[in-house]
Amino acid sequence: MQDEKDFIRELLDPKTQNTAFQNLTREYQRPLYNHIRNIVLNHDDTDDVLQNTFIKVFQNLKNFKGESKLFSWMYRIATNEAITFINQKAKKNGITNEALQSKIVDNLKADTYFDGDEIQLKLQKAIAILPEKQQLVFRMKYFEEIKYEDLSEILGTSVGALKASYHHAVKKIEEFMNSH
């Protein structure tokens, strides 16, 4: 992709905005889909959250200061949108986030877009019992292989704290996998 500063200029210029935004969508649709899917798990929900994410990105482009990479900024929006979605869905169903996560994992088997085996399902169940922050860190590090420095920018948390969260998550997941 071209120089980020030039690209951002194109995104903000009304004359080039539409084409630039189409390029942005094309470039980031798959990684953002995968990222959101890791959090909300369900394909249809992921599509909804992805759409909301791109709307938010478009609406807030003028506020993007370039203090972080465009990728990190967009991932932060996607993460917040996914978490907000999960929170609203749990609230609507009158259950906790953890209960909702467990329910979603139980429904994964029926999801035609989920191609994991029993071990993948067990891993998803283990992740579902983690606190929200540990879930996020584990999913982004393990499934998306995002570097700690980028995670720090996306989540606004120090690298040390992220490493600790990941370590705790891995220990809890190992315990779960060995006891079930």
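Here the structure is a predicted model, which is why all the values come from computation and not from measurement.

Participant: Even after reading the chapter, I still don't get the overall build of the protein chain, so can you show me in this structure?
Facilitator: Across its full length, the protein chain carries 9 helices and 0 strands. The order of helices and strands in the protein chain, counted from the N terminus, is α-α-α-α-α-α-α-α-α. Relative to its length of 180 residues, the protein chain is compact, with a C-alpha radius of gyration of 17 Å against a globular reference of 16 Å. Dimensions of the protein chain, computed from the C-alpha atoms along their principal axes, are close to 60 × 35 × 30 Å. Among the 180 residues that make up the protein chain, the fraction classed as buried is 43%. Considering only residue pairs separated by 6 or more positions, the protein chain has 58% of its internal contacts joining residues 24 or more positions apart. Of the roughly 10300 Å² that the protein chain leaves accessible, carbon and sulfur atoms contribute 49%.

Participant: Whenever I open this one, the environment of G156 confuses me. Can you help?
Facilitator: The residue G156 is located in the loop between α8 (148-155) and α9 (159-179) in this model. Judged by relative accessible area, G156 falls into the exposed class, the value being 65%. As a C-alpha pair, G156 and R76 span 80 residues in sequence and 8.8 Å in three-dimensional space.

Participant: How should I be thinking about the nonpolar core in this particular structure?
Facilitator: Nonpolar side chains tend to gather and get buried jointly when the protein is soluble and globular. With 54 residues, the main nonpolar core has L24 and M74 as its most contacted residues. Top element by residues in this core is helix α4 (residues 70-92). It accounts for 11 residues. When near neighbours in sequence (up to four residues on either side) are disregarded, L24 contacts F7, L11, F54, V57, L70 and M74.

Participant: So what exactly am I meant to see when it comes to the side chain of Q135 here?
Facilitator: Here Q135 is to be found in helix α7 (residues 132-143). With relative accessibility at 8%, the residue Q135 sits in the buried group. A distance of 3.3 Å separates a polar atom in the side chain of Q135 from the backbone oxygen of A128. Those residues in contact with Q135 that lie beyond four places of it in its chain are Q101, I127, A128 and L130.

Participant: Before we go on, may I ask you to explain the packing of α7 against α8 in this structure?
Facilitator: Geometry of a packed helix pair, given as the angle between the helix axes and the separation of the axes. For the pair α7 and α8, the least separation of the axes is 11 Å and the interaxial angle reads 140°. Judged by the inter-axis angle, α7 sits oblique to α8. The two elements α7 and α8 cross, and the hand of that crossing is right-handed. Contacts between α7 and α8 pair K133, L136, V137, M140 and K141 from the former with Y148, L151, I154 and L155 from the latter. A per-class count over the contact of α7 with α8 returns 7 nonpolar, no polar and 2 charged.

Participant: What am I meant to see in helix α1 (residues 4-12) here?
Facilitator: One turn of the α-helix equals 3.6 residues, which is why residues spaced by three or four share an orientation. Those residues of α1 that fall on the buried side of the exposure criterion are F7, I8 and L11. In an axial view of α1, the angular spread of the buried residues amounts to 100°, which keeps them on one side of the axis. In this structure, α1 carries K5 and R9 as exposed residues pointing more than 90 degrees from its buried face. Those residues of α1 hidden inside the fold are in contact with α2 (17-40) and α4.

Conventions used here
- Residues numbered from 1 in each chain as written.
- Predicted model: local features only at pLDDT ≥ 70, side-chain atom pairs only at ≥ 80, totals over all residues.
- Heavy atoms only, no water.
- Helix = DSSP H or I, 4+ residues; strand = E, 2+ residues; numbered from the N terminus.
- Rg over C-alpha atoms; globule rule 2.2 N^0.38 Å.
- Buried < 20%, exposed > 50% of the residue type's maximum accessible area, 1.4 Å probe, protein only.
- Contact = heavy atoms within 4.5 Å.
- Areas by Shrake-Rupley, 256 points an atom, 1.4 Å probe, with all protein chains shown as cover.
- Core = buried A, V, L, I, M, F, W, Y, C linked by side-chain atoms within 4.5 Å.
- Polar contact = N/O pair within 3.5 Å; in protein donor to acceptor, adjacent residues only side chain to side chain.
- Axes fitted to C-alpha atoms, helices over the stretch in contact; angles between N-to-C directions.
- Parallel < 35°, antiparallel > 145°, perpendicular 65-115°, else oblique.
- Left-handed = near helix turned anticlockwise from the far one by under 90°.
- Nonpolar A, V, L, I, M, F, W, Y, C, P; charged D, E, K, R; others polar.
- Arc of directions from axis to C-beta.

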